[in-house]
Amino acid sequence: MTAAPSAVTASSPASAQQVVPGMREVLSAHARIEQLVVRTPATSYAELDAATGARVVVKHENLQHTGAFKVRGALNLLLSMTPAERERGVVVYSTGNHAQAQAYAARHTGAPATIVMPAGPTPPNPLKERAVRALGARLELAGQSLTEAAGHAAHLAARDGARLVSAADEPLLVAGVATCYLELLQQAPGLDAIVVPVGGGSGAAAACVVAAAIAPHVEVIGVQSDAAPAAHDSWRSGELVERPAATRAEGLATGTGFSLTQSVLRDHLTDFLLVSDDEISAAQHRYLTAARTVAEGAGAAALAAVVRYPERFAGRRVGVLCTGGNASDAELRRAFEER
Ligand SMILES: *Cc1c(COP(=O)(O)O)cnc(C)c1O
């Protein structure tokens, strides 16, 4: 594997509790959640191979409970809390899937969950809003950005003594999510690379932890939208940077690099690629037509990268994470119309 840029100084180094999880934590997570999550299929499609020139294996986390991989981390975290901690509950800020995952795991464990979604500039994906309410979580709309929503969430957590759950800087989330990559490496032995869409970086960090431990020859490659490149630019520059988060793909719309996940990516990520939002829409369309599967924008970003960079992937066996399926009506309409 090629190394990430060296001479790194994080502007806010990981705190003492933010110990990078290793295989011990991943295997504990696996034992804790195995019976509670879907062992999602890892499937090949001739049309996707033809379109990319690669041998593609799609890991279908769009078929996971709540429609995204994040529930793995959420269940691991809630099940690791003490009963007293669980009684005080969790507070999260999120544009969607992190919220749904925490709401799902909170309901499963009987803990109260409060979800803060940004009220603007665009209103939340109605699908995700409905799902969170249906799971019995308390939903508050606050602020005009994820950062403002985060401020409100921190206030609520401090007031109620609840656990504020970060979207990425949480070792228990990374360990839980890593079970997805453990499955993939069992389901598709012989992969040359795994391509992972990145928002906060928990998925890519999880892939790095597992690959480094049990399949060190497998490259882990991150993907972001060029309209929200904070994690990409943080990895390239070796510092936690802030960038506009203007992408339509909610799961990728983070404005800053996260310290825990970036520290893992620096050590293990092979490469980090950018795709455009239109390329993501085209990949959603490809999933719908070639694989008959619904991917939300973030869920289609990894496939978009394999299509866009044939020089990197053609002729290779590539694990492509289809991370989520919670596409709004408007998003699906765009996937069909804009071509
Ligand atoms: C959260 C999310 C991502 C990004 O994952 P991170 O762990 O935040 O990098 C990608 N795809 C979907 C569907 C997501 O919900």
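No experiment lies behind these values; they were computed from the predicted model shown. (Residues numbered from 1 in each chain as written. Predicted model: local features only at pLDDT ≥ 70, side-chain atom pairs only at ≥ 80, totals over all residues. Heavy atoms only, no water.)

In the structure shown here, the tally under the stated rule is zero disulfides. You can see Cys180 has no disulfide; the closest cysteine sulfur is in Cys322, sitting 11 Å from it. Free cysteine: Cys208, not disulfide-bonded; nearest cysteine sulfur from Cys180 at 13 Å. The exposure class of Cys208 is buried, given its relative accessible area of 1%. (Disulfide = S-S within 2.5 Å. Buried < 20%, exposed > 50% of the residue type's maximum accessible area, 1.4 Å probe, protein only.)

Now for the site of the ligand. In the vicinity of the ligand lie 14 residues, with Lys70, Gly199, Gly201, Ser202 and Thr323 positioned nearest. In this structure, an oxygen atom belonging to the ligand sits 2.5 Å away from a side-chain N or O atom of Ser202. Protein coverage of the free-state accessible area of the ligand, which is 380 Å², stands at 97%. Taken together, the residues of the shell around the ligand break down into three nonpolar, nine polar and two charged. (Near = heavy atom within 4 Å. Polar contact = N/O pair within 3.5 Å; in protein donor to acceptor, adjacent residues only side chain to side chain. Areas by Shrake-Rupley, 256 points an atom, 1.4 Å probe, with all protein chains shown as cover. Nonpolar A, V, L, I, M, F, W, Y, C, P; charged D, E, K, R; others polar.)

The next thing to look at is unusual backbone geometry. In this chain, Gly120 is followed by Pro121 through a cis amide linkage whose omega measures 0 degrees. You can see Pro121 is positioned in the loop between strand E4 (113-117) and helix H6 (126-134). A positive phi angle, close to 65 degrees, is found at Thr66, a residue other than glycine. (Helix = DSSP H or I, 4+ residues; strand = E, 2+ residues; numbered from the N terminus.)

Quick look at the pairing of strand E2 (residues 55-60) now. Walk down a regular strand and you will see the side chains alternate between the two sheet faces. Burial analysis of E2 places five of its six residues in the buried class, which makes it a mostly covered element. Where strand E1 (residues 42-43) lies against E2, two bridges are found, and the strand directions are antiparallel. Opposite Thr43, over in E2, you have Val58 as the bridge partner. (Pairing = 2+ DSSP bridges.)

Residues Tyr181, Ile194, Val210 and Leu265 are the most contacted members of the largest nonpolar core, which totals 36 residues. Of all elements in the fold, only helix H1 (23-33), helix H8 (171-187), strand E7 (193-197), helix H9 (202-214), helix H10 (230-237) and helix H11 (259-268) reach the threshold of two or more residues within this core. Of all hydrophobic cores here, the second largest spans 32 residues; its members include Val56, Ala283, Ala290 and Ala301. (Core = buried A, V, L, I, M, F, W, Y, C linked by side-chain atoms within 4.5 Å.)

Under the domain assignment, the protein chain is made up of domain 1 (8-69 + 170-337) and domain 2 (71-165). Between domain 1 and domain 2, the residue contacts involve 30 residues of the former and 23 residues of the latter. Summing the contributions of domain 1 and of domain 2, the shared interface buries around 2,100 Å²; its carbon and sulfur component is 57%. The tally of links between domain 1 and domain 2 comes to five salt bridges. For Glu296, the salt bridge goes to Lys128, with nearest N and O atoms at 2.9 Å. For the pair domain 1 and domain 2, the number of links is 16 residue pairs in polar contact (both at pLDDT 80 or more). Its residues assigned to classes, the side of domain 1 that touches domain 2 comprises 14 nonpolar, eight polar and eight charged. (Domains from an automatic or database assignment. Contact = heavy atoms within 4.5 Å. Buried area = accessible area lost by both parts, 1.4 Å probe. Salt bridge = Lys/Arg side-chain N within 4 Å of Asp/Glu carboxyl O.)

What follows is about the sheet that holds E2. If you walk across this open sheet you meet the six strands as E1-E2-E10-E7-E8-E9, and the pairing is mixed. The two strands at the open ends of the sheet, each matched to only one other strand, are E1 and strand E9 (271-275). Here H9 sits on the sheet in contact with E7 and strand E8 (219-225), set at roughly 175 degrees to E8. (Axes fitted to C-alpha atoms, helices over the stretch in contact; angles between N-to-C directions.)

The next point concerns the pairing of E4. Burial of E4 is extensive: five of the five residues sit out of reach of the surface. Of the two faces of E4, the one holding Ala113, Ile115 and Met117 and the one holding Thr114 and Val116 are both buried throughout. With four bridges connecting them, strand E3 (residues 90-93) and E4 associate as parallel partners. Its bridge partner being in E4, Tyr93 is matched across the sheet by Val116. Handedness of the β-α-β unit built from E3, helix H5 (residues 97-109) and E4 comes out right-handed. As a crossover connection, the stretch from E4 through H6 into strand E5 (residues 138-141) is right-handed. (Right-handed = clockwise from strand over helix to strand, strands pointing away.)

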